[in-house]
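Structural features, examined
Listed below, chain by chain, are the residues.
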Amino acid sequence: MTKTLVIGHRFTLHRASSARVIAVSATALWLLVCVMAAAFPLRAQQSASLPAPRVRMVTVEKDVNLEVLDWGGTGRPLILLQGLGGVAHDYDKFAPQFTAHYHVYGITRRGFGDSSEPTPSAANYSAERLGKDILIVIQSLKLDRPVLTGQSIAGEELSWIGTFHPDQVAGLIYLEAVDSYSFYDPAQTDMVMDMVDVRHEIDTFEASEPLSAVVLGRIRDSAAALAKSAGRMADNVAESGTQGDPALPPIGLAVKFGEEKFTSVHAPMLAIMACPHDFSQLALQNPKGAALLKTRDQARCTEQIESLKAHNPSAQVVVLRNADHQVVRTNEADVVRAMQAFLAKLQ
C-alpha cells in the first residue's frame, strides 16, 4: 500500500491501493523549471557554527577522480547527490541535520566542481557510467548498504543502481528527482530521449540494415514521438512568453543524451516532489502564461504519479504543493521530516 503525503497549508495523508509514486516536473517543462530554479541556487555559505566536512578524492576510472565529502556522524551511511551542475558542498548546511543518527557523505559527479572533467560524450556521462561511479565510491569507502539521496537529475543514478544493483543500497530518496530520466512513461514521451531514438534509427539505417516494414515502422514511430514531444516543448515556450530555450553546456548535454529508460526499482524508495511547481516569479511577468503552465504542470505530475504507482507499488511519496524544484531550499523542514521518517523504518 503506497502512502502519499500531500503538504500544502496542512498535512493530508492519502492511501492508494495500486501503489507506487512518482514525483516530477513536466517533461516538456523540465528545462523551464530548472532554469527558474537555477536563479536560486541551493548552496549556502558555510556557517562558522557548522563543522567543515572532510574532503577526499576517490578514483573511479583511469584519470577520473570524484570529490567526496564526509560530514561525519554515526549509524547507517547516507549519501547525498546533487542535480545537474550542483556539487556536494551544496549540502554543507543540510547534511549536519542527519549526523546524529547517520554517517553522511556527499559526492560531486564527474564533470563538475572539483571532480575530474572527462571529455563530454554520452559514453562518459551515461546513466550507467554515472551509476558505476557511485558504486565504486561505495566500495572504496567500504560502506555497507547506504541510503542514496539525489536531487533532480541524480534520480537517474538512483534508478540505475536501484534497477541493476539494488542489493548495494538500503533505500533511495528522490528529491524532485522523478522524471523521464529516472522513471520513463511512454505515454508522455521525452524530447531528448526521443531525439536519441531517432538518431539510433538513422544510425541503424546508415549501417545498411535491410529495408523492411519493421525498420520503416521503427523510423515512423520514433519520428512521430519526437514530433509530439518537440511540439509540446515549443508550445510551452511560446505560450509562457520565455525568450528561447536555456542552452545547456556540453557536459550537461552529454548527461542528457546519456539517459536511459527506467520504469521500476527494486529497493525501498521515497519520492519528494513539487506538484504543481511554483510559477510565482513567471506570473509577475506573464500571469496568463504562468497560469497555463501551472495547469499543465499539475496534469503532468499527476499523470506521472499514477505511472509511478503502477510500476513501484511499495514507493512512498510526499507531495509539496507550489514548491520550487530545489525543495531543500524552499521546503527544508518538510524534506528533513519526510526523510527522517523514511530512514527510521528501513531495515
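All of these numbers come straight from a predicted model, not from anything done at the bench. Per chain, the residues get numbers from 1 upward, laid out in the order the sequence is written. In view of the model being predicted, local features appear only for residues whose pLDDT reaches at least 70, and side-chain atom pairs are presented and counted only at 80 or more, with totals across whole chains, interfaces and linings using the full set of residues. The basis for every side-chain value is the complete set of non-hydrogen atoms in the structure, without hydrogens or water.

Further remarks concern the side chain of aspartate 133. Secondary structure is summarised from DSSP: a helix means a run of H or I of at least four residues, a strand means a run of E of at least two, and numbering begins at the N terminus for each. Within the secondary structure, aspartate 133 is located in helix α2 (residues 127-140). Only protein chains enter the area calculation, which uses a 1.4 Å probe; residues under 20% of their type maximum are buried, those over 50% are exposed, and those in between are partly exposed. Aspartate 133 gets classed as buried once you look at its relative accessible area, which sits at 2%. Here, two residues are considered to be in contact whenever any of their heavy atoms come within 4.5 Å of each other. Dropping the residues within four chain positions of it, aspartate 133 is found in contact with Val60, Leu66 and Arg110.

Moving on, we come to the state of the cysteines. A covalent bond bridging the sulfur atoms of two cysteines is what the word disulfide describes. When the sulfur atoms of two cysteines come within 2.5 Å, that pair is taken as a disulfide. Overall, the coordinates contain one disulfide when judged by the stated rule. In this model cysteine 275 forms its disulfide with cysteine 301; the gap between the sulfur atoms is 1.8 Å. Between cysteine 275 and cysteine 301, the disulfide has an S-S torsion of 70 degrees and is therefore right-handed. You can see cysteine 275 sitting in the loop between β9 (269-274) and α7 (280-285) and its partner cysteine 301 sitting in helix α8 (residues 287-311), a full 26 residues away along the chain.

Extensive coverage of strand β8 (residues 171-175) is indicated by the burial of five of its five residues. Burial of the side chains of β8 extends over both faces: Gly171, Ile173 and Leu175 are buried on one face and Leu172 and Tyr174 on the other. Note that the unit made of strand β7 (residues 147-151), helix α3 (residues 155-164) and β8 has a crossover that is right-handed. The crossover handedness rule: strands pointing away from the viewer, path from first strand over the helix to second strand clockwise, crossover right-handed.

Let's shift gears to the confidence of the model for the protein chain. Values of pLDDT, which run from 0 to 100, indicate the predictor's confidence residue by residue. On average, residues of the protein chain score 84 in pLDDT, and 83% of them are at 70 or above. Below pLDDT 50 for its whole length, residues 8-41 participates in 127 contacts with residues either more than four positions away or in separate chains.

The next point concerns the pattern of salt bridges. Every case where a carboxyl oxygen of Asp or Glu lies within 4 Å of a side-chain nitrogen of Lys or Arg is listed as a salt bridge. The tally for this structure, following the rule as stated, stands at 16 salt bridges. A salt bridge links glutamate 306 to lysine 309; the shortest N-O distance between them is 3.4 Å. In this pair, glutamate 306 and lysine 309 both sit in helix α8, three residues apart, roughly one turn of the helix.

Bringing the packing of α2 against α3 into the picture now. Between α2 and α3, the least distance of the axes is 8 Å, while the angle of their chain directions is 75 degrees. Here α2 is positioned roughly perpendicular relative to α3, judged by the angle of their axes. For the pair α2 and α3, contact is made by Ala127, Glu128, Leu130, Gly131, Lys132, Ile134 and Leu135 and by Glu156, Glu157, Trp160 and Ile161, respectively. Throughout, the ten residues Ala, Val, Leu, Ile, Met, Phe, Trp, Tyr, Cys and Pro are labelled nonpolar, Asp, Glu, Lys and Arg are labelled charged, and all others, Gly among them, are labelled polar. Residues belonging to the contact of α2 with α3 are distributed by class as follows: six nonpolar, one polar and four charged. Lines fitted to C-alpha atoms define the axes, with helix axes restricted to the stretch in contact, and inter-axis angles between N-to-C directions lie between 0 and 180 degrees. For this classification, under 35 degrees means roughly parallel, over 145 means roughly antiparallel, 65 to 115 means roughly perpendicular, and everything else is oblique.

Turning our eyes to something else, we now look at the nonpolar core. Counting residues in each nonpolar core, the largest one holds 40 residues, and the members touching the most others are Ile79, Ile107, Val137, Leu148, Leu172, Tyr174 and Met269. Ranked by size, the runner-up nonpolar core spans 30 residues in total, among them Leu78, Ala95, Leu270 and Val328. Remark: nonpolar core denotes a set of buried residues (Ala, Val, Leu, Ile, Met, Phe, Trp, Tyr, Cys) joined through side-chain atoms within 4.5 Å.

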